[in-house]
Amino acid sequence: GQAWFTASVAFHNLTLAIFSAVVAFYSWWIVADHWSRRGFADLYCDPQGALWQESGFGAWATLFYLSKYYEFIDSWILVLKE
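The structure contained in this document is the topic of the report that follows. If you're wondering where the values come from, they're calculated on a predicted model, not measured in any experiment.

**Things to note about the packing of aromatic side chains**
Phase 1: As enumerated under the stated definition, the model contains eight aromatic pairs in all.
Phase 2: Measuring from centroid to centroid gives 6.2 Å for F25 and W29, while their planes differ by 70°, and the two rings are edge-to-face. Here W29 and F25 lie together in helix α1 (residues 2–38), a separation of four residues that amounts to about one turn.
Phase 3: Ring geometry for F72 and W76: centres 6.4 Å apart, planes at 75°, overall edge-to-face. With a gap of four residues between them, F72 and W76 both fall in helix α4 (residues 57–81), about one helical turn apart.
Phase 4: In this structure an aromatic cluster arises from ring pairing among F25, Y26, W29 and W60.

**Details of the pattern of salt bridges**
Phase 1: Enumeration according to the criterion identifies three salt bridges in this entry.
Phase 2: Across the pair D33 and R37 runs a salt bridge, and its minimum N-O distance is 2.9 Å. Within this pair, D33 and its partner R37 are both found in helix α1, separated by four residues, close to a single helical turn.
Phase 3: Using a relative accessible area of 37% as the deciding quantity, one classes D33 as partly exposed.
Phase 4: Classification of R37 as exposed rests on a relative accessible area of 52%.

Basis of the calculations
- Residues numbered from 1 in each chain as written.
- Predicted model: local features only at pLDDT ≥ 70, side-chain atom pairs only at ≥ 80, totals over all residues.
- Heavy atoms only, no water.
- Phe/Tyr/Trp six-rings, centres within 6.5 Å; stacked < 30°, edge-to-face > 60°.
- Helix = DSSP H or I, 4+ residues; strand = E, 2+ residues; numbered from the N terminus.
- Salt bridge = Lys/Arg side-chain N within 4 Å of Asp/Glu carboxyl O.
- Buried < 20%, exposed > 50% of the residue type's maximum accessible area, 1.4 Å probe, protein only.

Here it is in structure tokens:
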């Protein structure tokens, strides 16, 4: 029983880490491309919403944001389990 639980927690944590790495990787390239094409001021202010709406960054940021709710609930499950 304990070995199975430990293995499943390790797999779960590895999956979350890989997900975070994938989001960071794709977000970095989107932001770097936006900065190189439009400059820092447009990256920071994004007056036309191009970074968030046209480049796909908004989708990655939303997925990452939603994953934090899952991680929060997951953390409470671990705390309450103790």
